[in-house]
Amino acid sequence: MKGIVFSGSGLDRAAHRRRDAAWLRERLADDATRVLPFWRLAPLVRTGDAPRLAWATPALLEGREEAPAPVFLGVAGGIAHFAADLSDRPEPLAEFGFDGVAHFPDLRAIAGLLPPDEAAIAAQARHVVDWHARHGFCPGCGERTHVQDGGWSRRCASCSTEHFPRTDPVVIMLVLDGERCLLGRQPAWPRPFFSALAGFVEGGETLEEAVVREVAEEAGVVVSDVRYLASQPWPFPASLMLGCTARAATREIVVDRSELEEADWFTKDEVRAALAAPTPRLAVPPPMAIAHHLIRAWVEGDSSAA
Ligand SMILES: [Zn+2]
């Protein structure tokens, strides 16, 4: 499925380099190396009409030995790319000379405006930078953990347990009943915004089982024929959205009010109209969300979403 925001970074993650401390040191001593500053989970972006990631050189890291270690993101065109968390600094724009040329916008707000490969790099970086910020201590014994492997794991100083950045799978599914689909609305969403139902995959559960369970829990509808279509990294903070369709075996909706305010069946014509522009009854998610692509593929008769 094309056009999934946060996919297609173009970076070779070069995982074999993560344990090559000498190579990483050399790259961080090379002015050609690109370092993406983050501040409080926001990437540095050049200001202007066409936002782009604002890459710094490794000089940014000088004197910051006590700060969080940079995360090795990968290589493109022979150039190593890192992310660096500047959250310990109160005024990084002024301190590092970015005032007036760059800022730290919320990634959700800026992602759709960045070139797709840059949005994907920012997603990768945000996911891992956030994980480091919240995993300074070992969940096993409570002692400090330390960064290793170019930022792709942490080791406990006391019990030596290794910890790795986790990814939390979320199923998001368009439930189909012939020419109708099931959409739901969370209480916090403005009317008439609806989207595909979604929920976290639980431990010891397949993707298909999670789809069946979530639709039954949230809307009281029984589904079968779960089909996986496409996925989307969603680094807020650590999700992987698994986009599916499922076929309705029952039609009556019983909404779980703790999860949804409302759920309803919408015809293909209603959804097609809402894709063009919000209608009084329905607004659908923007292209940044995988739900948009699931809905569009169904409306446009993509055979994989039939
Ligand atoms: Zn430990």
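Everything numeric in this text was worked out from a predicted model, so none of it was measured. (Residues numbered from 1 in each chain as written. Predicted model: local features only at pLDDT ≥ 70, side-chain atom pairs only at ≥ 80, totals over all residues. Heavy atoms only, no water.)

Engineer: Lay out the pattern of salt bridges in plain terms, naming residues and giving numbers.
Structural biologist: Enumeration over the complete set of coordinates arrives at 27 salt bridges. Across the salt bridge formed by arginine 191 and glutamate 261, the nearest N and O atoms sit 3.0 Å from each other. Placement of arginine 191 in the loop between strand E11 (180-185) and strand E12 (197-200) and of glutamate 261 in the loop between strand E14 (239-248) and strand E15 (262-267) is noted, with a sequence separation of 70 residues between them. Classification of arginine 191 by relative accessible area gives exposed; the value is 58%. Close ionic contact of glutamate 202 with arginine 213 constitutes a salt bridge, the shortest N to O distance being 3.7 Å. Here glutamate 202, found in the loop between E12 and helix H5 (207-219), pairs with arginine 213, found in helix H5; they are eleven residues apart in sequence, far enough to count as distant. Connected through shared salt-bridge partners, Glu202, Glu205, Arg213, Glu214 and Glu217 make up one network. (Salt bridge = Lys/Arg side-chain N within 4 Å of Asp/Glu carboxyl O. Helix = DSSP H or I, 4+ residues; strand = E, 2+ residues; numbered from the N terminus. Buried < 20%, exposed > 50% of the residue type's maximum accessible area, 1.4 Å probe, protein only.)

Engineer: Please give an account of the pairing of strand E7 (residues 145-148) that cites residues and values.
Structural biologist: Judged from the four bridges that link them, E7 and strand E8 (residues 153-156) form a sheet pairing that is antiparallel. By the bridge assignment, valine 147 is partnered in E8 with arginine 154. The hairpin turn running from E7 into E8, its antiparallel successor, is four residues long, and aspartate 149 in that turn takes a positive phi close to 55 degrees. (Pairing = 2+ DSSP bridges.)

Engineer: How would you summarise the coordination of the zinc ion if you had to cite specific residues and measurements?
Structural biologist: Protein-derived ligands of the zinc ion are Cys138 (SG), Cys141 (SG), Cys156 (SG) and Cys159 (SG), with the metal-ligand distances lying across 2.3 to 2.4 Å. Between the four donor atoms coordinating the zinc ion, the angles at the centre fall across 96 to 119 degrees, so the site counts as tetrahedral. Mapped onto the sequence, the donors of the zinc ion take the spacing C-x2-C-x14-C-x2-C. Of this pair, cysteine 138 sits in the loop between helix H4 (116-133) and E7 while cysteine 159 sits in the loop between E8 and strand E9 (162-163), and the two are 21 residues apart along the sequence. Of the residues examined, cysteine 138 reaches a relative accessible area of 5% and is grouped as buried. Note on cysteine 159: relative accessible area 37%, which makes it partly exposed. (Donors = N, O, S within 2.8 Å, 3.2 Å for Na, K, Ca; no water. Tetrahedral: all angles 85-135°; square planar, octahedral: opposite > 155°, others 65-115°.)

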